[in-house]
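Each chain, written out:
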Amino acid sequence: MIVSWNTTNQCNMFCDHCYRDAGALASEELSTEEGKSLIDGISRAGFKIMIFSGGEPLMRKDIIELVRHAGQRGLRPVFGSNGTLIDKEMAMRLKEAGTMGMGISLDSTDPEKHDRFRKLDGAWEGAARGMKNCREAGLAFQVHTTAMEWNYDEIESLTDLAIELGAVAHHIFFLVPTGRGANIEEEALRVERYERLLHRILDKQRQVDIELKPTCAPQFVRMARQKGMNLRFQRGCLAGLSYCIIGPRGMVQPCAYLDMELGSVRERPFDEIWRDSPVLNRLRTQEYGGKCRLCKYIGACGGCRARAAYYHEGDFMAADDWCRYPGGLARDEAQD
């Protein structure tokens, strides 16, 4: 079970696709003590992995204290970061506090393209330097890439670069139009190219030793099984089943891209929200609509619930149209 906490809205970047619309510090973000109480509730709910994300989580002055507290509560602390703030001292402090892994964003082999997407000069060099500092501190890290039309042909090269930089994994995130990402929806991969890229990633997995994982593309589990591949991932979309997210002010959501507030941890303990939320319990029924309901891979894939909601007027139980199985193309393809 995995939970993600957007520890802050602060960020030193202004990325085109940010689901949190991060940048400035949001008012009334959870305090240190409120954060520790949240962590306690996460532990009671039975979660095992806790992702500290943002914004940029390393902009929180108490982040080391929070990481240490998570470890003391039996959680496995990991990060989603842009990497630019990981100097040698920070890498060592994170390692000593019990951080088990860093996810660092890198969207292109071309520094100029990455910097343009991330809206920060030197972002690529900063991420690569952060990875180097992690490696020297003995802190495992993986590369995170957002797959778009403009970097569609770079994904395998980015895997090779991740290996060269010493990453233990390369996770490829598929755009879901939420937050600022809704402004660039037309840059998202359409159905045929979406599935074609998933095939490419799985084929690349056969060739490399590090872990490759498509994210927000649950059909990859079905495709891996069709290819006879035995991956450790047994389920595509985890929203409400074994994953959720908490925002900077303590509002719980089913996932980062389903912008539905289920309750505040300031008003009710996290473990109670996780147990009792009507939305989460409806997701757990897996009673999806359309062709998802009829699909024999319903238990392995589940479709992207956030993408279903975006293209079906908020119906998060609708079919995920970004899928070619079974039979034919589900949506009009604007691109080859």
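A look at the overall build of the chain
Next, step 1: Across its full length, the chain carries twelve helices and nine strands.
Next, step 2: Every one of the 336 residues in the chain was classed for burial, and the buried ones make up 59%.
Next, step 3: Long-range contacts, defined as pairs at least 24 residues apart, comprise 69% of the intrachain contacts of the chain with a sequence gap of at least 6.
Next, step 4: Counting every atom, the chain has about 13900 Å² of accessible surface; 47% of that belongs to carbon and sulfur.

Observations concerning the pattern of salt bridges
Next, step 1: This structure, assessed with the given rule, holds 21 salt bridges.
Next, step 2: In this structure, the salt-bridge partner of K36 is E33, at a minimum N-O distance of 4.0 Å. Linking K36 with E33, this pair stays in helix α1 (residues 32–44), spanning three residues, or about one helical turn.
Next, step 3: For K36, a relative accessible area of 17% gives the class buried.
Next, step 4: Among the ionic contacts, a cluster of salt bridges with common partners joins R268, E272, R275 and D276.

Topic: the pairing of strand β2 (residues 49–53)
Next, step 1: In the sheet, strand β1 (residues 2–6) pairs with β2 via five bridges, with the strands oriented parallel. Each residue of the ladder has a partner; that of W5, found in β2, is F52.
Next, step 2: On the question of chirality, the crossover connecting β2 to the parallel strand β3 (residues 76–81) by way of helix α2 (residues 63–72) is right-handed.

Topic: the pairing of β1
Next, step 1: In terms of residue burial, β1 counts as a mostly covered element, since four of its five residues are buried.
Next, step 2: Judged from the four bridges that link them, β1 and strand β8 (residues 243–246) form a sheet pairing that is parallel. Counted as the bridge partner of I2 is Y243 from β8.

As for the state of the cysteines
Next, step 1: In the structure shown here, the tally under the stated rule is zero disulfides.
Next, step 2: Distance from the sulfur of C237, which forms no disulfide, to the nearest cysteine sulfur (C304) is 5.7 Å.
Next, step 3: On the accessibility criterion, C237 (14% relative accessible area) is buried.
Next, step 4: The thiol of C292 is not disulfide-bonded; the next cysteine sulfur, from C301, is found 6.5 Å away.

Regarding the packing of aromatic side chains
Next, step 1: Applying the stated criterion to the full structure yields ten aromatic pairs.
Next, step 2: On the numbers, 6.2 Å between centres and 50 degrees between planes, the contact of W5 with F52 is tilted. Linking W5 in strand β1 with F52 in strand β2, this pair joins segments that are 47 residues apart in sequence.
Next, step 3: Residue classification places W5 among the buried residues on the basis of a relative accessible area of 0%.
Next, step 4: For the ring pair F220 and F233, a centre distance of 6.0 Å and an interplane angle of 70 degrees mean the geometry is edge-to-face. Taken together, the positions of F220 in helix α8 (residues 219–226) and F233 in the loop between α8 and β8 put the pair 13 residues apart, joining distant regions of the chain. The residues F220 and F233 share a single accessibility class, namely buried.
Next, step 5: Here R193 stacks its cationic end above the ring of Y152, 3.8 Å away from the centre of that ring.

Some thoughts on the side chain of T145
Next, step 1: Summarising the element assignment, T145 is placed in strand β5 (residues 141–147).
Next, step 2: T145 sits in the buried class, given a relative accessible area of 0%.
Next, step 3: Once you skip the residues sitting within four places of it in the chain, T145 turns out to touch L106, D107, N151, I155, L158, H170, H171, I172 and F173.

Overview of the packing of α1 against α2
Next, step 1: Two elements in contact, α1 and α2, have axes whose closest approach is 10 Å; the angle formed by their N-to-C orientations is 25 degrees. It follows from the interaxial angle that α1 and α2 lie roughly parallel. In this structure, α1 crosses over α2, and the sense of that crossing is right-handed. From α1, T32, G35, K36, I39 and D40 reach across to α2, where they touch E65, L66, H69 and A70.
Next, step 2: When the residues that make up the contact of α1 with α2 are grouped by side-chain class, the tally is three nonpolar, three polar and three charged.

A few points about the nonpolar core
A general feature of soluble globular proteins is that nonpolar side chains tend to end up buried together.
Next, step 1: In terms of nonpolar packing, the biggest core is built from 94 residues, with I42, F47, M50, F52, M102 and F270 touching the most fellow members.
Next, step 2: Excluding anything up to four places from it in sequence, F52 contacts W5, T7, I39, P57, I63, L66, V67, A70, P77, V78, F79 and G80.

What counts and how
- Residues numbered from 1 in each chain as written.
- Predicted model: local features only at pLDDT ≥ 70, side-chain atom pairs only at ≥ 80, totals over all residues.
- Heavy atoms only, no water.
- Helix = DSSP H or I, 4+ residues; strand = E, 2+ residues; numbered from the N terminus.
- Buried < 20%, exposed > 50% of the residue type's maximum accessible area, 1.4 Å probe, protein only.
- Contact = heavy atoms within 4.5 Å.
- Areas by Shrake-Rupley, 256 points an atom, 1.4 Å probe, with all protein chains shown as cover.
- Salt bridge = Lys/Arg side-chain N within 4 Å of Asp/Glu carboxyl O.
- Pairing = 2+ DSSP bridges.
- Right-handed = clockwise from strand over helix to strand, strands pointing away.
- Disulfide = S-S within 2.5 Å.
- Phe/Tyr/Trp six-rings, centres within 6.5 Å; stacked < 30°, edge-to-face > 60°.
- Lys NZ or Arg CZ within 6 Å of the ring centre and 35° of its normal.
- Axes fitted to C-alpha atoms, helices over the stretch in contact; angles between N-to-C directions.
- Parallel < 35°, antiparallel > 145°, perpendicular 65-115°, else oblique.
- Left-handed = near helix turned anticlockwise from the far one by under 90°.
- Nonpolar A, V, L, I, M, F, W, Y, C, P; charged D, E, K, R; others polar.
- Core = buried A, V, L, I, M, F, W, Y, C linked by side-chain atoms within 4.5 Å.

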